[in-house]
Amino acid sequence: MGDFVNSFHHHYFESGVWTDTYWLGHHVFKCPLDLFNYQEILFQVKPDVIVECGTNQGGSALFLANMCDLLGKGKVITVDIQEMERPEHGRISYLLGDTTSTEIVNKIKESILPSDVVLVILDSDHTEPHVLQEMRLYYGLVSVGSYLIVEDTIIGGNPIAPHLAPGPMGAVQQFLTENDQFIVDESRHKFHLTFNPNGYLLKVK
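Conventions and cut-offs
Residues numbered from 1 in each chain as written. Predicted model: local features only at pLDDT ≥ 70, side-chain atom pairs only at ≥ 80, totals over all residues. Heavy atoms only, no water. Helix = DSSP H or I, 4+ residues; strand = E, 2+ residues; numbered from the N terminus. Contact = heavy atoms within 4.5 Å. Pairing = 2+ DSSP bridges. Axes fitted to C-alpha atoms, helices over the stretch in contact; angles between N-to-C directions. Buried < 20%, exposed > 50% of the residue type's maximum accessible area, 1.4 Å probe, protein only.

Chemist: Describe in detail the side chain of Thr153, supporting the description with residues and values.
Modeler: Structurally, Thr153 can be placed in the loop between β7 (147-150) and α6 (168-178). Look past the residues within four positions of Thr153 in its chain and what remains in contact with it is Asn158, Pro168, Met169, Val172, Phe195, Asn196, Pro197 and Gly199.

Next up, the structure:
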């Protein structure tokens, strides 16, 4: 099974079809099976606030906002360093800046109430030092029973794009050695194809 799964990851990623995937007409650069995982997680957690680091063209933010519509609650705070035209939605707040800057982190914290259930998604700069810095900055916002999701742990040779190592997977591994509040939710590997292996981190305490 392992060889088959790795081969299919290579086939799917290298086909480039993930760059030609849309949500309601907007580019969303994710594996559709991960989006299905997202909707399951959102139904389970029912977050008041979703923090997304790395907006890109805004397709995933729109997907998350539309899921919040279906749940009847929640808002999306999404951050990117690049300004561009993105989809508008009443539940989405766009922030422009570096996800690791004090200014951005403080703005996000100011938008969260103590009683809010919070979920965090990291999908910006995929270099290991940057991802690890984000994890250290944002993990405290995540509610117990919710998730810190690290996107694209597949790259850096896990098993895709070894030339991009070290990547997000290394950050996850280091983070878990220094923080015992999170575990890898292996049930999120159930579809076999995922861009985020070991990246669905459940906060347990």
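Read on for the rest.
Chemist: Give me unusual backbone geometry: which residues, what numbers.
Modeler: With omega at 5°, the peptide bond leading from Asn158 into Pro159 counts as cis. As for its position among the elements, Pro159 is in the loop between β7 and α6. Here the amide bond leading from Ala165 into Pro166 is cis, since omega sits at -5°, within 30 degrees of zero. Of note, the phi angle at Lys46 is positive, near 50°, even though the residue is not glycine. At His192, a position not held by glycine, the phi torsion is positive, near 70°.

Chemist: Describe in detail the sheet that holds strand β8 (residues 182-184), supporting the description with residues and values.
Modeler: Sheet architecture is open: seven strands sit in the order β5-β4-β3-β6-β7-β9-β8, paired in mixed fashion. Here the strands that pair on one side only, and so sit at the sheet edges, are β5 (92-96) and β8. Looking at each pair of strands side by side, their axes are set apart by 20° on average, direction ignored. One ladder, built from five bridges, connects strand β3 (residues 49-53) with strand β4 (residues 75-80); its direction is parallel. Looking at the pairing, Glu52 lines up with Thr78 of β4. Packing of helix α5 (residues 128-138) onto the sheet brings it into contact with β3, β6 (118-122), β7 and β9 (200-203), and relative to β6 it is tilted by some 170°.

Chemist: Could you give me a rundown of the pairing of β7, with the residues and numbers involved?
Modeler: Neither face of β7 is exposed, since Tyr147 and Ile149 on one face and Leu148 and Val150 on the opposite face are all buried. Of the strand pairs in this sheet, β6 and β7 are connected by three bridges, and their pairing is parallel. Looking at β7, one finds that Leu122 is bridged to Val150. Direction of pairing for β7 relative to β9: antiparallel, over a ladder of three bridges. If you follow Tyr147 over to β9, its bridge partner there is Leu202.

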